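# Report on the structure
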Amino acid sequence: MLVLGVESSCDETAAAVVEHGGRVLSDVVHSQVAVHAPYGGVVPELASRDHLRNVGPVVRAALERAGVGIGEVDGVAVTNRPGLVGALLVGVQAAKGVAWAAGKPLVGVDHLMGHLLAAFLRRGDGDPPLPRFPFVCLLASGGHTAIYRVDAPRADAIAELGATRDDAAGEAFDKVAKLLGLGYPGGPAIDRLAATGDASRVKLAGPMASRASLEMSFSGIKTQVALLVSRGRVLGRSVREGERAGVDGGAGIAVADVCASFQSAVTGVLARKLMDAATREGVEDVVLGGGVAANSELRRRAHELGSARALRVVVPPLASCTDNAAMIAYAGAVRLADGERDGWSLTASGQTSLQRATRKGRGRRA
Ligand code: KG4
Ligand code: ZN
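Reading the values: rules and limits
Going along each chain's sequence as written, the residues are numbered from 1 onward. The order in which chains are written sets their letters, starting at A; the order in which ligands are written sets their numbers, starting at 1. Only residues with pLDDT of at least 70 are given local features in this predicted model, and only at 80 or more are side-chain atom pairs given and counted; all residues enter the totals for whole chains, interfaces and linings. With hydrogens and water set aside, each side-chain value is computed from the structure's full complement of heavy atoms. By definition, any uninterrupted DSSP run of H or I lasting at least four residues is a helix, any uninterrupted run of E lasting at least two residues is a strand, and each is numbered from the N terminus. Atoms counted for the radius of gyration: C-alpha only. Globule rule: 2.2 Å times residue count to the power 0.38. The cut-offs for exposure are 20% and 50% of the maximum accessible area for each residue type, with area from a 1.4 Å probe on protein chains only; residues under the lower value are buried, those over the upper are exposed, and the others partly exposed. All accessibility values rest on the Shrake-Rupley procedure with a 1.4 Å probe; residue burial counts only the protein chains present in the view. A positive count includes Lys and Arg, and a negative count includes Asp and Glu. His and the chain ends are not counted in either. Every charge is mapped onto a representative atom, which is NZ of Lys, CZ of Arg, CG of Asp or CD of Glu. Residue ranges assigned to each domain were obtained from an automatic or database domain assignment. Contacts are residue-level and defined by heavy atoms, with any inter-residue pair within 4.5 Å sufficient. Note on definitions: buried area is the accessible-area loss of two parts on being combined, 1.4 Å probe, summed for both. Nearness is judged by heavy atoms alone; a residue qualifies as near a molecule or strand once a single heavy atom is within 4 Å of it. Polar contacts here mean pairs of N or O atoms no more than 3.5 Å apart (in protein, one a potential hydrogen donor and the other a potential acceptor; neighbouring residues in sequence count only if both atoms are side-chain atoms). Three categories are distinguished: nonpolar for Ala, Val, Leu, Ile, Met, Phe, Trp, Tyr, Cys and Pro, charged for Asp, Glu, Lys and Arg, and polar for the others, with Gly belonging to the last. Whether two strands pair comes down to DSSP finding at least two bridges between them. With axes taken as lines fitted to C-alpha atoms, and helix axes fitted only over the stretch in contact, angles between N-to-C directions fall between 0 and 180 degrees. Donor atoms are limited to N, O and S found within 2.8 Å of the metal ion, a distance that becomes 3.2 Å for Na, K and Ca. With water left out, some sites might look partial. A site with four donors is called tetrahedral when every donor-metal-donor angle falls between 85 and 135 degrees; four donors are called square planar, and six octahedral, when opposite donors sit more than 155 degrees apart and all other angles fall between 65 and 115; any other arrangement is irregular. Between Lys or Arg on one side and Asp or Glu on the other, a salt bridge is scored when a side-chain nitrogen of the former is within 4 Å of a carboxyl oxygen of the latter. The labels follow the angle: roughly parallel below 35 degrees, roughly antiparallel above 145, roughly perpendicular from 65 to 115, and oblique for the rest. Helix crossings get a hand from a simple test, with the near helix turned counterclockwise from the far one by less than a right angle marking a left-handed crossing and a clockwise turn marking a right-handed one.

## Overview of the overall build of the protein
When helices and strands are tallied, the protein shows eleven helices and twelve strands. Since a compact globule built from 366 residues should have a radius of gyration of about 21 Å, the 20 Å found for the protein is in line with a globular shape. Oriented by its inertia axes, the alpha-carbon framework of the protein measures out at about 70 × 45 × 40 Å. Considering the protein as a whole, with its 366 residues, one finds that 54% of them fall into the buried category. If you sum the accessible surface of the protein, you get close to 14600 Å²; carbon and sulfur atoms cover 52% of it. Measuring between centres, the 42 positive side-chain charges of the protein sit 6 Å from its 37 negative side-chain charges.

## A few points about the domain arrangement of the protein
What the domain assignment reports for the protein is domain 1 (2-122 + 320-337) and domain 2 (135-315). On a C-alpha basis, the centres of domain 1 and domain 2 stand 27 Å from each other. Across the boundary between the two partners, domain 1 contributes 19 residues, which contact 21 residues of domain 2. Surface buried jointly by domain 1 and domain 2 totals about 1500 Å² across both partners, of which 78% is contributed by carbon and sulfur atoms.

## Things to note about the site of ligand 1
Taken together, 19 residues are adjacent to ligand 1, and G142, D174, D191, G291 and D323 come closest. In this structure, G291 approaches ligand 1 through a main-chain N or O atom, which is 3.0 Å from an oxygen atom. One of the side-chain N or O atoms of D323 is found 2.9 Å from an oxygen atom in ligand 1. In the complex, 88% of the free accessible area of ligand 1, which totals 550 Å², lies under the protein chains. Going through the elements one at a time, α4 (111-117), α5 (169-179) and α6 (186-194) are the ones with two or more residues in the shell around ligand 1. Looking at the shell around ligand 1 residue by residue, the class counts come to five nonpolar, eleven polar and three charged. Each of domain 1 (2-122 + 320-337) and domain 2 (135-315) gives at least three residues to the shell around ligand 1.

## As for the sheet that holds strand β5 (residues 106-110)
Taken together, five strands build an open sheet; the order of strands is β3-β2-β1-β4-β5 and the sheet is mixed. Every interior strand has two partners, whereas the edge strands, β3 (24-31) and β5, have only one. Going across the sheet, the axis of each strand differs from the next one's by a mean of 20°, ignoring polarity. By the bridge criterion, six bridges tie strand β1 (residues 2-7) to strand β2 (residues 12-19) in an arrangement that is antiparallel. Residue pairing for β2: V6 is matched across the bridge by A15.

## Quick notes on the coordination of the zinc ion (ligand 2)
For the zinc ion (ligand 2), the full set of protein donor atoms is H111 (NE2), H115 (NE2) and D323 (OD), and the range of their distances to it is 2.0 to 2.1 Å. For the zinc ion (ligand 2), the four donor atoms are set out with angles of 93 to 138° between them, so the coordination reads as irregular. For the zinc ion (ligand 2), the single-chain donor residues occur in sequence as H-x3-H-x207-D. Of this pair, H115 sits in helix α4 while D323 is found in the loop between α10 (318-321) and α11 (326-337), placing the two residues 208 residues apart along the sequence. The exposure classification of H115 matches that of D323, with both residues buried.

## Brief notes about the pattern of salt bridges
Under the defined criterion, the tally for this structure stands at 24 salt bridges. A salt bridge links R123 to D27, with the nearest nitrogen and oxygen atoms 2.8 Å apart. With R123 in the loop between α4 and β6 (135-140) and D27 in strand β3, the pair connects residues that are 96 residues apart, well separated along the chain. One salt bridge in this structure joins E215 and R165, with 2.8 Å as the shortest N-O distance. Here the residue E215 occupies a position in the loop between α6 and α7 (219-230), and R165 occupies one in the loop between β8 (158-163) and α5, the gap between them amounting to 50 residues. Take E215: its relative accessible area is 4%, and that puts it in the buried class. A cluster of three or more residues bridged by salt bridges with shared partners is formed by R132, E284, D285 and R312.

## A few points about unusual backbone geometry
In this model, F133 is joined to P134 through a cis peptide bond whose omega is -10°. By the secondary structure assignment, P134 is in the loop between α4 and β6. With an omega dihedral of -5°, the bond running from Y184 to P185 counts as a cis peptide bond.

## Observations concerning the packing of helix α2 (residues 44-66) against helix α3 (residues 85-102)
Relative to each other, α2 and α3 sit at 20°, their axes nearing to 8 Å. Overall, the two elements α2 and α3 adopt an arrangement that is roughly parallel. Note that α2 runs across α3; the crossing there is right-handed. Side by side, α2 and α3 meet where S48, H51, L52 and V55 of the first sit next to G86, A87, V90 and A94 of the second. Taken together, the residues of the contact of α2 with α3 sort by class into five nonpolar, three polar and no charged.

Structure (C-alpha cells):
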C-alpha cells in the first residue's frame with residue numbers, strides 16, 4: 001500500500017509518499033522560515049498564504065520524486081489537527097481535492113500521532129531499530145511537550161503520562177534564542193552555540209526537576225534568562241551565531257555559556273523524566289519525537305541515560321523529528337490499513353484528538 005501524505009499545520013508545507021511498512025519513497029518539505037524570520041515567530045495569516053502558494057508544487061514534487069502517479073497511490077492522508085486552523089485548512093482542502101479527483105480514500109491524521117509514530121519510518125542507511133510496543137515516547141516540539149505511553153498505533157491506545165504545564169520545550173528554545181538575539185527558529189541556533197559554551201559558568205535552575213512528577217514546565221527558565229538579559233549580565237547579546245562573545249573578566253556572561261546552561265538544564269530534565277516514565281511503566285523501549293528531538297545534547301543524553309538503565313533507546317534521524325509529511329503518510333497508512341476512512345466533510349481543528357492528562361497552567365502534581 002502506498003500513501004500520499006500532506007502536512008501544513010504550522011510553517012512547513014510538506015508532502016511525501018510512504019509505503020505501509022514505513023519505507024519513505026519521497027519526502028518534500030518547503031520551509032517558511034524566511035517568511036516568518038523578520039517577525040521573530042510564525043505569523044498565522046502569512047503561513048496560510050504561503051501554504052496556498054506551495055501546496056500544489058510540493059505535492060507534485062513528492063509524487064515525481066517517488067516515481068509514481070496519483071493513480072498508483074492507495075490513499076491520501078492529511079494533518080487535520082492540531083495546529084493553526086487557517087494553515088491546516090489549506091492542506092485539508094488540497095488533500096480533499098487530490099483524493100476526490102483521483103477517486104482515492106482520504107484520512108485525517110492528528111499531527112501528534114505523526115510525531116509519535118515517526119520512529120517507524122524507514123529511510124535507508126542509519127535507520128534506528130524499530131520500536132516495540134508498548135513504548136514510552138517523549139514528544140517535544142514547538143507547540144507540544146509531553147511523555148506518552150504507546151500500546152498500539154491508535155489514539156485510544158495512547159496515554160499521556162505527563163506534559164508541560166506552560167510553554168512547550170521548543171517554544172522555550174525559540175523564546176530564549178530571541179532574548180539572546182539569535183533569531184528564529186531558535187532551537188538549531190542554541191544547539192550550535194551551546195557546543196562552544198561552558199554550562200558551568202552560569203547557573204540556571206532546572207525546570208520542574210522534582211523527581212516524582214512526569215509533569216514539566218519551561219516558562220520559569222525562560223524568565224531566568226530574561227532577567228539575566230535585562231540586568232545587562234549577558235555580554236555581546238547581538239553577536240552573530242557561531243561567534244563566541246568575548247569572555248568576560250567576571251563582569252558578564254557569554255551568550256554561548258547561557259545557551260550551554262539553558263540547553264543542559266532543559267535536556268537534562270527531558271531525558272531523565274523520559275527514562276523515569278519507562279521505569280514507572282515497566283517498558284523497555286524509549287522513543288524520541290518532535291523538533292526538539294533534533295537537539296544534539298538531548299539525543300546524546302537519551303542514549304547515555306538509556307544504556308545506563310538498560311533501556312532500548314530509539315532516536316529517529318533528524319528528518320523524521322522535525323515537521324514532515326512522511327510521518328503523516330505513515331500514520332495515515334496505519335488508519336487506512338485498519339479500514340478507516342474520513343468523508344469529504346473532514347474538518348480542521350486546533351485541538352489534538354489524544355486524551356490529555358495534564359491541563360496547561362493547572363496540572364496536577366503526580
Ligand atoms: O516538530 P517541529 O518541527 O514543529 C512543531 O510541531 O512544533 O518542532 C519545531 C521546534 C521549534 O521550536 C525548534 O526551535 C525546535 O523544534 N528545534 C530544536 C532543534 N531543532 C528544532 N530545538 C532544539 N534543538 C534543535 N536542534
Ligand atoms: Zn510538529
